[in-house]
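# Summary of the model geometry
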Amino acid sequence: MNQVDVFHGEVRVRTPVRRSAKPQQPLSPRLAGIAECSPDEALQRLDSNRQGLTEEQVEARQDEFGPNEVTHERSPAWYSQLAHAFVTPFNGVLFAVSIVSLFTDVIFAAPGDRSFRTIIVLMTMVLLSTLLRFWQEFRSNLAAEELRAMVRSTTAVLRAGSERIQEIPISELVPGDIVQLAAGDMIPADVRILAAKDLFVSQAMLTGESLPVEKYPAPAPGKTADASRGPLELETLCFMGSNVVSGTAAAVVAVTGDATYFGAIAREIAGARPLTSFDLGISRVSWLLIRFISAMTPVVFLINGFTKHNWLEALLFAVSVAVGLTPEMLPMIVTANLAKGAVAMARRTTIVKRLNAIQNFGAMDILCTDKTGTLTQNRVILEKHLDLAGNENGQVLAYAWLNSFHQTGLKNLMDVAVLDYANLNGVTEDVKHFRKIDEIPFDFMRRRMSVVVRNGDNRNLLICKGAIEELMPLCAYADKDCGEADDIIPFTDEARKDAREFTRDLNEDGLRALAVAYKWLPAEDRTYTVADEEDLILAGYVAFLDPPKESAHQAISALAQHGVAVKVITGDNDVVTRKICREVGLTVESILLGRQVEALSDAELAQTAEHTTIFAKMSPLQKSRVIRALKSRGHTVGYLGDGINDAAALKDADVGISVDTAVDVAKESADIILLERSLRVLEEAVVEGRKTFANINKYIKMTASSNFGNVFSVLIASIFLPFLPMLPIQLLTQNLLYDISQVSIPWDDVDRDYLTAPRKWDAGGLARFMVFIGPISSIFDVVTFAVMWFVFGANTVAQQSLFQTGWFVVGLLTQTLIVHMIRTQNIPFIQSRAAMPVIALTASIMAIGIILPFSPIGAQLGMVPLPLPYFAWLAGILLSYCTLTQIVKRFYIHRFHQWL
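Computed from a predicted model, the values in this text were never measured in an experiment.

### Some points on the overall build of the protein chain
What the protein chain contains, in helices and strands, is 33 helices and 23 strands. The proportion of buried residues among the 900 residues of the protein chain is 57%. Considering only intrachain contacts with a sequence separation of at least 6, the fraction spanning at least 24 residues in the protein chain is 75%. On the protein chain, roughly 36,900 Å² of surface is accessible, and the fraction owed to carbon and sulfur atoms is 58%.

### A word on the environment of L674
Looking at where L674 falls in the secondary structure, it is placed in strand β23 (residues 672-674). Ignoring anything within four residues of it in the chain, the contact list for L674 reads T349, T350, L640, I657, S658, V659, D660, V681 and L682.

### What to know about the pairing of strand β1 (residues 154-158)
As judged from the 4 bridges shared by β1 and strand β2 (residues 166-169), these two strands associate in the antiparallel manner. When the bridges of β2 are listed, A156 appears paired with E167. Bridging between β1 and strand β3 (residues 178-182) involves 3 bridges; their strand directions are antiparallel. Residue L158 lies in a different strand from β3, and its bridge partner there is I178.

### Digging into the pairing of strand β18 (residues 565-569)
With 4 of 5 residues buried, β18 lies mostly within the body of the structure. Pairing of strand β9 (residues 366-369) with β18, which is carried by 4 bridges, proceeds in the parallel orientation. Counterpart to I366 in the pairing with β18 is A565. Where β18 lies against strand β20 (residues 614-616), 2 bridges are found, and the strand directions are parallel. Along β20, the bridge assignment pairs I569 with F615.

### What to know about the sheet that holds strand β19 (residues 591-593)
Strands sit in the order β8-β23-β22-β21-β9-β18-β20-β19 across an open sheet of 8 strands; the sheet is mixed. Two strands in the sheet have a free side with no partner beyond their single neighbour: β8 (350-352) and β19. Mean inter-strand twist for the sheet, computed between neighbouring axes without regard to direction, equals 20°. Helix α24 (residues 620-632) rests against β9, β18, β20 and β21 (637-640) of the sheet, and its axis sits at about 160° to β21.

### A closer look at empty space enclosed by the protein
With the rule as written, the count across this model stands at 6 cavities of 30 Å³ or more. Taken together, 22 residues form the lining of the largest cavity, with S706, N710, Q734, G811 and Q815 sitting closest to its centre. When residues of the lining of the largest cavity are traced back to their parent elements, those giving at least two are α12 (311-325), α27 (679-720), α28 (728-741), α29 (763-791) and α30 (800-822). Examining the composition of the lining of the largest cavity, we find that 5 residues originate from one element, α30, more than from any other. Across the lining of the largest cavity, the residue classes tally to 10 nonpolar, 11 polar and 1 charged.

### So, the packing of aromatic side chains
Inspection of the entire model under this criterion finds 18 aromatic pairs. Residues F854 and F871 carry aromatic rings whose centres are separated by 6.2 Å and whose planes lie at 25° to one another, so their mutual orientation is stacked. Taken together, the residues F854 in the loop between α31 (836-851) and α32 (856-860) and F871 in helix α33 (residues 868-896) connect sequence positions 17 residues apart. Each ring, one from Y870 and one from F871, has its centre 5.4 Å from the other, and the planes form 85°; the classification is edge-to-face. Residue Y870 is classed as buried on the basis of its relative accessible area, which comes to 2%. Residue class for F871 comes out partly exposed when judged on its relative accessible area of 22%. Members of the aromatic cluster, joined through ring pairs, are F769, F772, F891, Y892 and F896. For R459, the ring lying beneath its charged end belongs to W520, and the centroid distance is 3.8 Å. Sitting over the face of the ring of F896, R768 holds its NZ or CZ atom 4.2 Å from the ring centroid.

### Description of the nonpolar core
F361, I657 and I672 are the most contacted members of the largest nonpolar core, which has 154 residues in total. Looking at this core element by element, the count peaks at 18 residues for α27. Not counting residues within four places of it along the chain, the set of residues in contact with I672 comprises M345, T350, I351, V352, A357, F361, V655, G656, I657 and S658. Grouped together as the second largest cluster of nonpolar side chains are 32 residues, L419, V453, V516 and V542 included.

### Here we look at the packing of α27 against α30
Two numbers describe how α27 lies on α30: the axes approach to 10 Å, and their chain directions differ by 150°. Classed by the angle they form, the pair α27 and α30 counts as roughly antiparallel. Of the two elements, α27 crosses α30, and the hand of that crossing is right-handed. Across from K698, K701, M702, S705, S706, N710, S713 and V714 in α27, the residues of α30 making contact are W807, Q815, I818, V819 and I822. Its residues assigned to classes, the contact of α27 with α30 shows 6 nonpolar, 5 polar and 2 charged.

Reading the values: rules and limits
- Residues numbered from 1 in each chain as written.
- Predicted model: local features only at pLDDT ≥ 70, side-chain atom pairs only at ≥ 80, totals over all residues.
- Heavy atoms only, no water.
- Helix = DSSP H or I, 4+ residues; strand = E, 2+ residues; numbered from the N terminus.
- Buried < 20%, exposed > 50% of the residue type's maximum accessible area, 1.4 Å probe, protein only.
- Contact = heavy atoms within 4.5 Å.
- Areas by Shrake-Rupley, 256 points an atom, 1.4 Å probe, with all protein chains shown as cover.
- Pairing = 2+ DSSP bridges.
- Axes fitted to C-alpha atoms, helices over the stretch in contact; angles between N-to-C directions.
- 1 Å grid on protein atoms, 1.4 Å probe; cavity = no way out; pocket = protein on both sides within 12 Å on 5 of 7 lines; lining within 4 Å.
- Points joined across faces, edges and corners; volume = space filled by probe spheres on them.
- Nonpolar A, V, L, I, M, F, W, Y, C, P; charged D, E, K, R; others polar.
- Phe/Tyr/Trp six-rings, centres within 6.5 Å; stacked < 30°, edge-to-face > 60°.
- Lys NZ or Arg CZ within 6 Å of the ring centre and 35° of its normal.
- Core = buried A, V, L, I, M, F, W, Y, C linked by side-chain atoms within 4.5 Å.
- Parallel < 35°, antiparallel > 145°, perpendicular 65-115°, else oblique.
- Left-handed = near helix turned anticlockwise from the far one by under 90°.

Written as structure tokens, this is what we have:
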């Protein structure tokens, strides 16, 4: 077909590099048989018919086949999540220590010395860490499921006994259902095409192939579904996970859920999105600490073994040090932060589909958006219907109504505006007797669509409506007054110039104009193609107004204050877009048109895009290219779109944002769904994303710096002390209490000055932070060693319990205080106060640390009561620690201009 050649030709020009195809899964014999037979035989094999299934058949098949869902998309059962939370390296280390303790403290110990206290503490730690992680992950998954349920994709289905096509959730489809497909629809299951009109489908999600393919009701002659052809090459089948680019079709559902081709490769598809910079950063930090632990644990073991000559005790101590250095709470802290952020954003009518996207919200410094519905009210009104002389003309309106009414593909807001205006003004009575013969569907390359109708006078009328630039070159004639045959004149170059100037005037008034053209054809019942859209007669224009949003000006200003630049990427022309931008207070630095984008190399586009505010007359692939160009310059880019032409850009953006009224493929491609299309909502979401980022970053920097300092303290103590600086059970207990003190971090407040700029992960900054802050705790650990050794005489093996108890309390309190010192760049408790949950929990842990040596539990842990003068020294050490940390903090901020 000519349309195939033209359509593919344009795509190939704009996509010089094709993605490599993914290996294809084998097709089931049942589906292969359905693909080869005729549509009627396919219906017979599926025990269905063109009128659709009855309610009884639907209920029976729902019981037999279950919901149309792929297993990997559902959250695991609670017991699976509990098992996942239980099986961790942290718990593995605790179990290993428990087994060693079982042999040393119970099995091989003398009857009077047998003790289960170490095992009890270790098992308590296992239970607490498992339940904390399980509860947070369970709540996170539950919140994510509830949020996703608020945004449901639907499909148009025909069922017996219903007078009209129904929109039902995709999950309710069953084999044998008859579905209607149009541009922008996701393919809801594996389906067999029954009838199609210029149906082009993108299978990029399944194959990686960027070019859409055409699908037909009947297999191509001489081709069968044999082993030499991949399933996705079959012209009669469409697969779940693909989407309609253009055209329309009716299809019967063949298989659903896990039985689909998508279900067979779900594990390959899952996780296909690249890791964010924050994901990679956390991974690097984790492996850095693991390598650190792996290197230091043997050193601690050897030093204590050679100096204390008790290798078993040295092993237990070294393993306990390894446990203390492990950031075991990191998964729980990250999950809790993301879940809390998602729930908070949901309260602001923002649904988070992928929790990790919240992190990128905090880092976003460029937001690209279409103007319709974002800068404007998304309330398109037909303002004018004009002939070529600029007069209101009813015949132009009648042509526009016929085009909008009879199309079955992608009806946009302008089509709806034409229909509403015509109905209110009684135009439909004059033209409703026209009968539809065929249509040439809209696509984003042609940017126009045509219908062919017949009036009963033995002639067909082709009516084409579309973008001025695309339609005008197809016109050979002009209908001067649109209504009188004698007024049809050649469309000369001078007339074209006048037409362009006239439509530009409309654009400068803020009106978007579409051209309306027609031509008469013989009364033939045939398939019409793009080749028929030539030698048209230009009838006139329909002009639309979409008023700017009153809230847009304030929202753009708020985003700018938070370091987010707004850029407009639209298929509309630059004149209308510039006027709208001016009205909402968006300063236009530069404008780039689609044809100019085509002429630029990737490097040139990346450099130009940074200084461009408006990208106009853009095709879908050009939108995506602009997003990638901005990302290549180090920007974190968000993209807001709701149409099929936005799907590629949504996937390429760091944060894909859509709305709940968007087409299915746009919602599927997005990370975030807005229930209210507003830049103001996005500004609030950006702030929430930065809060989430900040609280995750707090834990990472607290853990990294604290662990870095603890290693030095342990090494110094191990070299110079004749006994262990702390018993393994005490070290594990201290680590448990410190971890509990950090559980409330996700609920902490964030300083306002931190929220004013985009925040990106900085691995180099973390290493620098560890080196500056970590050794501070080691300084005061050494001071504590000296106080216990020289002041309180804890300098013999007989007095080791006093030494160990003294360091336990100082170590726990300084580690807990670091939560308050690091959480803000200001003076803690004075200029910036933590949230009440953080204050309450850290205060409780510090109180427990002070009381523990005086309790029976402390005695079981090998602790002794501390003398009263010790607490005067404790207060001095803690005050000095906070003072020095604040001094170093101020120097660090002055030197490197950052903190968290």
